[in-house]
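# Residue-level structure breakdown
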Amino acid sequence: ENRGDAGMNQESIYKVLLGPHVSEKASLVAESGQVVFRVAPDATKPEIKKAVEQLFNVTVEGVQVLNRKGKLKRTVRGFGKRADIRKAYVKLADGQDIDFLDVE
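Scope of this entry: the structure provided in the associated data block. On a predicted model such as this, the values are computed, not experimentally measured, just so you know.

Here we come to the overall build of the protein. Summing up its helical and strand segments, the protein has 3 helices and 6 strands in all. Ordered by position from the N terminus, the helices and strands of the protein form the series α-β-α-β-α-β-β-β-β. Within the protein, the proportion of its 104 residues that are buried is 34%. Considering only residue pairs separated by 6 or more positions, the protein has 61% of its internal contacts joining residues 24 or more positions apart. Only carbon and sulfur atoms are counted for the fraction: they give 50% of the accessible area of the protein, which is about 7,300 Å².

Here it is, written out as structure tokens:
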């Protein structure tokens, strides 16, 4: 499988994007035309770009990804670890935006 060309079928598109990431920082970067998504741990930048473009009919200018390590939390039963998450900051072309309310 050649991952470079991001040749994806409709089914794998839904596996790449896990949903929008809502946070204070996400609303700050939204003003500069960026949207933040939680993505699959093995998702690549070309895959994320193609998935966003096909799902929301927008033009993506760039994708930055980051892996956030889960924190170690102490509980009564010892230590518990929160899940690691991978986030993608997606830069949209000027004048385009994604409205999460009207997506089917």
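Back to the text.
This paragraph deals with the pairing of strand β6 (residues 85-92). Within β6, 7 of the 8 residues are buried, leaving the element largely enclosed by the surrounding structure. Note: strand β2 (residues 34-39) against β6, 6 bridges, orientation antiparallel. Bridged to valine 36 within β6 is tyrosine 89. With 8 bridges joining them, strand β3 (residues 60-68) and β6 adopt antiparallel strand pairing. Across the sheet, residue glycine 62 finds its bridge partner in β6, namely lysine 91.

Bringing the sheet that holds β2 into the picture now. What the 4 strands build is an open sheet, ordered β1-β2-β6-β3; its pairing is antiparallel. Edge strands, defined here as strands with exactly one partner in the open sheet, are β1 (17-20) and β3. Ignoring strand direction, the axes of neighbouring strands in this sheet form an average angle of 30°. Relative to β2, β1 runs antiparallel, the two sharing 3 bridges. The residue bridging glycine 19 from the neighbouring strand is arginine 38, located in β2. The sheet contacts of helix α3 (residues 45-56) involve β1, β2, β3 and β6, and relative to β3 the element is tilted by about 125°.

On to the pattern of salt bridges, then. Under the criterion given, the structure shown has 1 salt bridge. Between aspartate 84 and lysine 81 there is a salt bridge, with its nearest N and O atoms 2.7 Å apart.

It is worth spelling out a positive patch on the surface at this point. A surface patch of positive charge is lined by Arg38, Arg68, Lys71, Lys73 and Arg82. Mapped onto the fold, arginine 38 is located in strand β2.

A positive phi angle is found at asparagine 57, which is not glycine, with a value near 50°. Considering the arrangement of structural elements, one finds asparagine 57 in the loop between α3 and β3.

The subject of this paragraph is the nonpolar core. Judged by nonpolar contacts, the single largest core of 19 residues is most densely connected at Leu17, Phe37, Ile48, Val52, Val90 and Ile98. Contributions of two or more residues to this core are made by α1 (10-16), β2, α3, β3 and β6. Considering every element that reaches this core, the biggest residue donor is α3, with 4 residues.

Thresholds, definitions, all that
- Residues numbered from 1 in each chain as written.
- Predicted model: local features only at pLDDT ≥ 70, side-chain atom pairs only at ≥ 80, totals over all residues.
- Heavy atoms only, no water.
- Helix = DSSP H or I, 4+ residues; strand = E, 2+ residues; numbered from the N terminus.
- Buried < 20%, exposed > 50% of the residue type's maximum accessible area, 1.4 Å probe, protein only.
- Contact = heavy atoms within 4.5 Å.
- Areas by Shrake-Rupley, 256 points an atom, 1.4 Å probe, with all protein chains shown as cover.
- Pairing = 2+ DSSP bridges.
- Axes fitted to C-alpha atoms, helices over the stretch in contact; angles between N-to-C directions.
- Salt bridge = Lys/Arg side-chain N within 4 Å of Asp/Glu carboxyl O.
- Patch = residues over 30% accessible without salt bridge, like charges linked within 9 Å, V, L, I, M, F, W, Y side chains within 5 Å.
- Lys, Arg positive; Asp, Glu negative; His and termini not counted.
- Charge placed at Lys NZ, Arg CZ, Asp CG, Glu CD.
- Core = buried A, V, L, I, M, F, W, Y, C linked by side-chain atoms within 4.5 Å.

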